[in-house]
Amino acid sequence: KTQAVIDACGILECPVFLHIEFVSLENKYGSTKRMEFMNGLKQILASNSDQNFIMMHVAELDPDTCRTLIDEYENIYFATNFMDLTVICTGEPVSDYSESEWNTLFADYPDRFIFAFERVFHTQWMHYSQDMDFARKYLSKLPSTAVKAIAHDNADKLWKFWPFG
């Protein structure tokens with residue numbers, strides 16, 4: 001079934017969104033299950049190298065693992081979901097954005113990240129202005145070319161919102 005979805009996305013020329021939360025997976029099922037899922041992800045990326053994949057919530061991975069995957073696979077991208085990025089990955093909010101490992105990763109690989117929010121329930125919708133304030137503060141520490149790529153160019157390119165030249 002997974003390959004059918006991947007193939008359909010290929011026909012439609014759109015990326016495949018994967019929602020794998022590795023921290024949650026390990027917490028619930030243990031490190032062996034996490035490793036199985038990581039190996040499965042790598043197999044999918046390798047066997048579908050002509051298809052782009054976007055990992056929701058940066059897949060709850062740490063910056064080093066993201067960097068390794070980016071270096072190994074040209075077809076992996078990460079949706080940031082700024083509302084919970086630092087809490088999910090570090091356990092606490094980052095107070096000094098300029099010193100963040102994520103900041104370095106975003107600056108090193110600006111073409112691999114997509115600005116995103118996820119507010120699923122109506123009780124969360126009132127927090128969008130706080131989310132935007134956090135995102136603006138975070139992004140302001142990056143080079144302007146990285147901000148432009150992460151904020152919209154990467155999404156435009158992957159979803160082909162308009163022709164790129």
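(A) Molecular detail of the overall build of the protein. When you go through the protein residue by residue, the secondary structure sums to 8 helices and 4 strands. Walking the protein from its N terminus toward its C terminus, one meets helices and strands in the order α-β-α-α-β-α-β-α-α-β-α-α. Put simply, the protein has 165 residues, and 41% of those count as buried. Long-range pairs, those at least 24 residues apart, make up 70% of the contacts in the protein with a sequence separation of at least 6. Counting every atom, the protein has about 9,400 Å² of accessible surface; 54% of that belongs to carbon and sulfur.

(B) Spatial organisation of the sheet that holds strand β4 (residues 113-114). Taken in spatial order, the 4 strands line up as β1-β2-β3-β4 in an open sheet, and their pairing is parallel. Because the sheet does not close on itself, it has two edges, and the strands there are β1 (16-18) and β4. Of the pairings in the sheet, the one linking strand β2 (residues 53-55) to strand β3 (residues 76-79) comprises 3 bridges and is parallel in character. Paired with Met-55 across the strands is Phe-78, a residue of β3. In this fold helix α4 (residues 63-72) packs onto β3 and β4, with an angle of close to 145° to the strand it touches most, β3.

(C) Up close: the nonpolar core. Phe-78 and Phe-113 are the most contacted members of the largest nonpolar core, which has 32 residues in total. Setting aside chain neighbours within four positions, we find Phe-78 in contact with Ile-54, Met-55, Val-58, Leu-61, Cys-66, Leu-69, Ile-70, Arg-112, Phe-113 and Ile-114. Ile-54, Met-56, Ala-79 and Ile-114 belong to the second-largest nonpolar core, a separate cluster that totals 8 residues.

(D) The arrangement of the packing of aromatic side chains in detail. Under the counting rule described, the total for this entry stands at 3 aromatic pairs. Here the basic side chain of Arg-112 rests over the ring of Tyr-77, its NZ or CZ set 5.5 Å away from the ring centre.

(E) Expanded view of the confidence of the model for the protein. In the predicted model, the protein carries a mean pLDDT of 84, and the fraction of residues at 70 or more is 87%. Low pLDDT (under 50) marks residues 94-98, which in the prediction has 9 contacts with non-local residues, meaning those over four places away or in another chain.

(F) Region of interest: unusual backbone geometry. Backbone geometry at Glu-13 places phi at a positive 55°, although glycine is not the residue there. Structurally, Glu-13 is set in the loop between α1 (2-12) and β1. Even without being a glycine, Glu-60 presents a positive backbone phi close to 55°.

(G) Expanded view of the layout of surface pockets. Considered as a void within the structure, the largest pocket measures approximately 170 Å³ in volume. For the largest pocket, the full set of lining residues is Cys-9, Gly-10, Glu-13, Cys-14, Pro-15, Asp-50, Gln-51, Asn-52, Lys-157, Leu-158 and Lys-160. Contributions of two or more residues to the lining of the largest pocket are made by α1 and α8 (144-159). Taken together, the residues of the lining of the largest pocket sort by class into 4 nonpolar, 3 polar and 4 charged.

(H) Looking closely at helix α6 (residues 101-108). Of all the residues in α6, the buried ones are Trp-102, Asn-103, Leu-105 and Phe-106. On an axial view of α6, the arc spanned by its buried residues comes to 165°, and they lie on one face.

(I) Region of the structure containing the pairing of β3. The alternating pattern of β3 places Ile-76 and Phe-78 on one face and Tyr-77 and Ala-79 on the opposite face, and all of these are buried. In the classification by handedness, the crossover that spans β2, the intervening α4 and the parallel β3 is right-handed. Relative to β4, β3 is paired through 2 bridges, and the arrangement is parallel. By the bridge assignment for β4, Phe-78 is matched with Phe-113.

Criteria and cut-off values
- Throughout, a residue's number is its position along its own chain's written sequence, starting from 1.
- At least 70 in pLDDT is required for a residue's local features to be given in this predicted model, at least 80 for side-chain atom pairs to be given and counted, and no such filter applies to totals for whole chains, interfaces and linings, which use all residues.
- The basis for every side-chain value is the complete set of heavy atoms in the structure, and neither hydrogens nor water enter the calculation.
- Every helix listed is a DSSP run of H or I at least four residues long, and every strand listed is a run of E at least two residues long, numbered separately from the N terminus.
- Per-residue accessibility, obtained with a 1.4 Å probe over protein chains only, is compared with the maximum for each type, and a residue is labelled buried under 20%, exposed over 50%, and partly exposed between these values.
- The contact rule is simple, with two residues in contact once any of their heavy atoms fall within 4.5 Å.
- Calculation of accessible area relied on Shrake-Rupley with a 1.4 Å probe; when residues are assessed, cover is drawn exclusively from the protein chains displayed.
- Note on pairing: two strands pair once DSSP finds at least 2 bridges between them.
- To get an axis, fit a line to the C-alpha atoms, keeping to the stretch in contact for a helix; angles then go from 0 to 180 degrees between the N-to-C directions.
- Residue types Ala, Val, Leu, Ile, Met, Phe, Trp, Tyr and Cys, when buried and joined through side-chain atoms within 4.5 Å, form a set referred to as a nonpolar core.
- Aromatic contacts are taken between Phe, Tyr and Trp rings whose centres are within 6.5 Å, Trp giving its six-membered ring; a plane angle under 30 degrees counts as stacked, one over 60 as edge-to-face, and the others as tilted.
- Both a distance and an angle decide whether a charge sits over a ring: NZ of Lys or CZ of Arg must be within 6 Å of the ring centre and within 35 degrees of the ring normal.
- How sure the predictor is of each residue is captured by pLDDT, a score from 0 to 100.
- Every definition here rests on a 1 Å grid over the protein atoms only: cavities are sets of points where a 1.4 Å probe fits but cannot get out, pockets are open sets enclosed by protein on both sides within 12 Å along at least five of seven lines, and lining residues have some atom within 4 Å of a point.
- Grid points are joined across faces, edges and corners, and a volume is the space filled by probe spheres set on the points.
- Asp, Glu, Lys and Arg are counted as charged, while Ala, Val, Leu, Ile, Met, Phe, Trp, Tyr, Cys and Pro are counted as nonpolar; the rest, among them Gly, fall into the polar class.
- Arc, as used here, means the arc of the directions from the helix axis to the C-beta atoms.
- Here is how to tell: hold the view so the strands point away, follow the path from the first strand over the helix to the second, and if it runs clockwise the crossover is right-handed.

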